[in-house]
Structures are given as C-alpha cells and as structure tokens.
Amino acid sequence: QVQLVESGGGLVQAGGSLRLSCAASGRTFSTDYIGWFRQAPGKERKFVATIRYDGGSTYYADSVEGRFTISRDNAKNTVYLQMNSLKPEDTAVYYCAVSRRGWSQADYWGQGTQVTVSS
C-alpha cells in the first residue's frame with residue numbers, strides 16, 4: 001500500500017505560480033511512477049505529469065508542457081509540481097498518484113488539492 005498526501009493548492013491570478021507537494025509513504029519501487037492528475041468540474045480526471053521513482057523519466061500532458069515542472073526529493077520521499085504561467089483552464093482538483101502499470105496509469109491516489117486560477 002501507498003499513502004499520498006498533497007498540499008500547496010490555493011487561489012492565484014492568471015499568470016501566477018503555485019507549487020504542489022505530495023508526500024508519499026508505504027512501499028514503493030524504483031520502477032513506479034509518481035505524478036499528478038487533475039479533474040475540472042464536470043470533466044473527467046486527466047493526466048498532468050509524472051516522474052519515475054528512479055528519476056529517469058518524466059512525462060507531461062501537452063497542455064502543461066513548458067509551464068509545469070515535476071521533480072522529486074528522494075530524501076523526503078516527496079514529489080513537487082511547479083506550475084508557472086497559470087491559466088484559468090488550469091483550475092481543477094489536483095490529485096497525486098502512484099502507478100505500477102506505466103506512466104499514464106494510477107493505482108494509488110491522494111485526497112486531492114484545489115487549484116483555482118482567476119482571470
């Protein structure tokens with residue numbers, strides 16, 4: 001089992017920045033992926049970004065490429081999502097997730113953190 005706790009969401013104006021954090025505990029493997037999905041009101045949950053536990057690979061959704069950066073601190077077992085140049089369409093609940101089935105999948109979820117971008 002893996003437990004995930006997100007933090008760092010909030011309200012920001014368009015063009016601003018936020019950094020999300022996800023603290024992981026439990027049993028993980030170097031080949032797992034840990035990353036972020038988001039769900040806007042009335043829409044399905046979608047992949048945002050992920051990084052492999054061994055730090056070897058990162059993947060981003062086209063909609064955030066060049067604006068968001070995912071990173072991890074092995075010592076703290078924490079993954080970060082630095083979000084710059086935020087847009088109103090980035091408004092969503094952001095979920096941390098761990099996958100054992102590939103970079104675009106998710107097997108364990110956090111509780112989510114709200115990000116609201118005002119225009």
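Before reading on, note that the structure itself is shown above.
Notes on the structure in this doc start here. (Residues numbered from 1 in each chain as written. Predicted model: local features only at pLDDT ≥ 70, side-chain atom pairs only at ≥ 80, totals over all residues. Heavy atoms only, no water.)

The next subject is the overall build of the protein. Counting secondary structure elements, the protein contains zero helices and eleven strands. Secondary structure elements of the protein occur, N-terminal to C-terminal, as β-β-β-β-β-β-β-β-β-β-β. Over its C-alpha trace the protein gives a radius of gyration of 13 Å, about what one expects of a compact globule, namely 14 Å for 119 residues. Its C-alpha atoms give the protein principal-axis dimensions of about 40 × 25 × 25 Å. With 119 residues in all, the protein has 43% of them scored as buried. Partitioning the contacts of the protein with sequence separation of at least 6, the portion at a separation of at least 24 is 54%. Surface exposure of the protein reaches about 6,100 Å², of which carbon and sulfur atoms provide 45%. The centroid of the 13 positive side-chain charges in the protein is displaced by 3 Å from the centroid of its 10 negative side-chain charges. (Helix = DSSP H or I, 4+ residues; strand = E, 2+ residues; numbered from the N terminus. Rg over C-alpha atoms; globule rule 2.2 N^0.38 Å. Buried < 20%, exposed > 50% of the residue type's maximum accessible area, 1.4 Å probe, protein only. Contact = heavy atoms within 4.5 Å. Areas by Shrake-Rupley, 256 points an atom, 1.4 Å probe, with all protein chains shown as cover. Lys, Arg positive; Asp, Glu negative; His and termini not counted. Charge placed at Lys NZ, Arg CZ, Asp CG, Glu CD.)

Here we have four strands laid out as an open sheet, ordered 1-3-8-7, and antiparallel in their pairing. Where the open sheet ends on each side, the last strands, each with one partner, are strand 1 (2-7) and strand 7 (68-73). Here the average twist between neighbouring strands, direction ignored, is 20 degrees. Relative to strand 3 (residues 18-26), strand 1 runs antiparallel, the two sharing six bridges. Pairing of Val2 across the sheet is with Gly26, part of strand 3. (Pairing = 2+ DSSP bridges. Axes fitted to C-alpha atoms, helices over the stretch in contact; angles between N-to-C directions.)

This part is about the packing of aromatic side chains. All chains considered together, the criterion is met by six aromatic pairs. Ring plane angle 70 degrees and centroid distance 5.1 Å describe the contact between Phe47 and Trp103, whose orientation is recorded as edge-to-face. Residue Phe47 is located in strand 5 (residues 46-52), and its partner Trp103 is located in the loop between strand 9 (92-99) and strand 10 (108-109); the two are separated by 56 residues in the primary sequence. Taking the relative accessible area as the measure of exposure, Phe47 reaches 17% and is therefore buried. The class of Trp103 is partly exposed, set by a relative accessible area of 35%. Where Tyr95 meets Trp109, the ring centres are 6.2 Å apart and the plane angle is 85 degrees; that geometry is what we call edge-to-face. With Tyr95 in strand 9 and Trp109 in strand 10, the pair connects residues that are 14 residues apart, well separated along the chain. Exposure remark for Tyr95: the relative accessible area of 14% places this residue in the buried category. Accessibility expressed as a relative area gives 36% for Trp109, which makes it partly exposed. Grouped by ring-pair contacts, the aromatic residues Tyr33, Phe37, Phe47, Tyr59, Tyr95, Trp103 and Trp109 constitute a single cluster. Directly above the aromatic system of Trp109 lies the positively charged group of Arg45, at a separation of 4.5 Å from the ring centroid. (Phe/Tyr/Trp six-rings, centres within 6.5 Å; stacked < 30°, edge-to-face > 60°. Lys NZ or Arg CZ within 6 Å of the ring centre and 35° of its normal.)

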